[in-house]
Amino acid sequence: IAGITQAPTSQILAAGRRMTLRCTQDMRHNAMYWYRQDLGLGLRLIHYSNTAGTTGKGEVPDGYSVSRANTDDFPLTLASAVPSQTSVYFCASSDRTGDSPLHFGNGTRLTVT
Amino acid sequence: AQRVTQPEKLLSVFKGAPVELKCNYSYSGSPELFWYVQYSRQRLQLLLRHISRESIKGFTADLNKGETSFHLKKPFAQEEDSAMYYCALGWANNLFFGTGTRLTVIP
């Protein structure tokens, strides 16, 4: 089934540890995004990629890094997790940037203790 | 700065009653506006976008540039409409989301 796959579904992580959230899409979409969803704050963009080989910073990029080595994969890395990064993380893709509808993954629930 | 405001965190209506979820935006250009919905245990998905001027699941949303609003409306709410609704503004390489409104339709 075409779509976006995120892994893991959930994770409990000790502060200071490194963690990579995985995201894979099979729709050949050019653009991919990482959002975090927090109660009362909605969804906020962390990083995005317009096409393979390029990335950009969103609203809340600090503490996160991404890479886009190919069209399908867009991993999000927390180099040294902190409790404020406890959140639900959503990966999304679209066939263009900006005004195109986004297709979302199921999310990763991350708890940093 | 681009911004989307959804003033209601929670909204409850009775089945069959009209429902309106409010969304206001701030943007100096011509906005691309969307409504996304997240049903229980499902992924976030597009409900409708203003340029399509369509009705999805009985919902409509009209862009009012004078009031900078994009309210989502449905004349008769159904129980299956209970969900989290997000208004979003598309600009450049970003989609700015509001904080969301959780709609509960009471049987």
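Q: Summarise unusual backbone geometry; cite the residues concerned and give the values.
A: In the segment running from A:Ala7 into A:Pro8, the intervening peptide bond is cis, with an omega of -5°. Positive phi, close to 65°, is recorded for B:Arg41, a residue that is not glycine. For B:Arg41, a relative accessible area of 84% gives the class exposed. Phi at B:Lys57 takes a positive value of approximately 55°, unusual for a residue other than glycine. Its place among the elements puts B:Lys57 in the loop between strand 6 (45-49) and strand 7 (60-61). On the basis of relative accessible area, B:Lys57 is assigned to the partly exposed category, the value being 47%.

Q: So what's going on with the state of the cysteines? Which residues, and what values?
A: Joining two cysteines, a disulfide is a covalent bond between their sulfur atoms. Tallied over the entire structure, the rule returns two disulfides over all chains. The disulfide partner of A:Cys23 is A:Cys91, and the S-S distance across this bridge is 1.9 Å. Its S-S torsion of about -75° marks the bond between A:Cys23 and A:Cys91 as left-handed, since a negative value means left-handed. Here A:Cys23, found in strand 3 (residues 19-25), pairs with A:Cys91, found in strand 9 (residues 87-94); they are 68 residues apart in sequence, far enough to count as distant. Both residues of the pair, A:Cys23 and A:Cys91, belong to the buried class. Bridging B:Cys23 to B:Cys87, the disulfide has an S-S length of 2.0 Å. Measuring handedness by torsion sign, the sulfur bridge of B:Cys23 and B:Cys87 sits at about -65° and is left-handed.

Q: Pulling in residues and values, what's your account of the interface of chain B and chain A?
A: Of the residues lining the interface, 20 residues belong to chain B; the matching set on chain A comes to 22 residues. Between chain B and chain A, a total of about 1700 Å² is buried, with carbon and sulfur atoms accounting for 51% of that surface. Joining chain B to chain A, the criterion identifies zero salt bridges. Summed over the shared surface of chain B and chain A, the result is seven residue pairs in polar contact (both at pLDDT 80 or more). Only strand 5 (32-38), strand 6, strand 9 (83-91) and strand 10 (94-97) of chain B provide two or more residues apiece to the side of chain B that touches chain A. Grouping the amino acids of the side of chain B that touches chain A by side-chain chemistry returns ten nonpolar, six polar and four charged.

Q: Talk me through the sheet that holds strand 8 (residues 72-74) of chain B; I want residue IDs and the actual numbers.
A: Pairing in this open sheet of three strands is antiparallel, and the strands run 3-8-7 (chain B) from one edge to the other. Of all the strands in the sheet, the pair left with one neighbour each is strand 3 (19-21) and strand 7 of chain B.

Q: Before we move on, could you go through the pairing of strand 5 (residues 42-49) of chain A and cite the residues and values that matter?
A: Residue and element names in this part refer to chain A. With seven of eight residues buried, strand 5 lies mostly within the body of the structure. As paired strands, strand 4 (residues 31-38) and strand 5 are joined by seven bridges and run antiparallel to one another. Counted as the bridge partner of Tyr33 is Tyr48 from strand 5. Linkage of strand 4 to strand 5, two consecutive antiparallel strands, is achieved through a turn of three residues, within which Gly40 is found at a positive phi near 85°. Two strands pair when backbone bridges link them, and strand 5 and strand 6 (residues 56-57) are joined in this way by two bridges, in the antiparallel orientation.

Q: So what about the pattern of salt bridges? Which residues, and what values?
A: Summed over the entire model, instances satisfying the criterion amount to eight salt bridges over all chains. For the salt bridge of B:Lys73 with B:Glu20, the shortest nitrogen-to-oxygen distance reads 3.6 Å. Here B:Glu20 lies in strand 3 and B:Lys73 lies in strand 8, a separation of 53 residues in the sequence. The exposure class of B:Lys73 is partly exposed, given its relative accessible area of 40%. With a closest N to O distance of 2.9 Å, B:Lys74 and B:Asp81 form a salt bridge. In terms of burial, B:Lys74 and B:Asp81 fall into one category: buried. By sharing partners, the salt bridges in this structure join A:Arg36, A:Asp38 and A:Arg44 into a single network.

Cut-offs applied
Just so you know, the residues in each chain are numbered from 1, in the order the chain's sequence is written. All chains are assigned letters beginning at A, and all ligands numbers beginning at 1, according to the order in which they are written. Owing to the predicted nature of the model, reporting of local features is limited to residues with pLDDT of at least 70; listing and counting of side-chain atom pairs is limited to 80 or more, with chain, interface and lining totals taken over all residues. To obtain the side-chain values, all non-hydrogen atoms of the structure were used and water was disregarded. Here's how the labels work: a residue is buried when its accessible area is under 20% of the maximum for its type, exposed when over 50%, partly exposed in between, all with a 1.4 Å probe on protein chains only. A helix here means a DSSP run of H or I that spans at least four residues, while a strand means a run of E at least two residues long, and both kinds are numbered starting from the N terminus. The definition used for a disulfide is geometric: two cysteine sulfur atoms within 2.5 Å. Note on contacts: a residue pair qualifies if any of its non-hydrogen atoms lie within 4.5 Å across the two residues. Buried area: the accessible area, evaluated with a 1.4 Å probe, that two parts lose upon being put together, summed over both parts. What counts as a salt bridge is simple: a side-chain nitrogen of Lys or Arg found within 4 Å of a carboxyl oxygen of Asp or Glu. Any pair of nitrogen or oxygen atoms within 3.5 Å is treated as a polar contact; in protein, a donor-acceptor pairing is required on top of that, and neighbouring residues in sequence qualify only through side-chain atoms on both sides. Under the scheme applied here, ten amino acids are nonpolar (Ala, Val, Leu, Ile, Met, Phe, Trp, Tyr, Cys and Pro), four are charged (Asp, Glu, Lys and Arg), and all others, including Gly, are polar. Two strands are said to pair when DSSP picks up at least two bridges between them.

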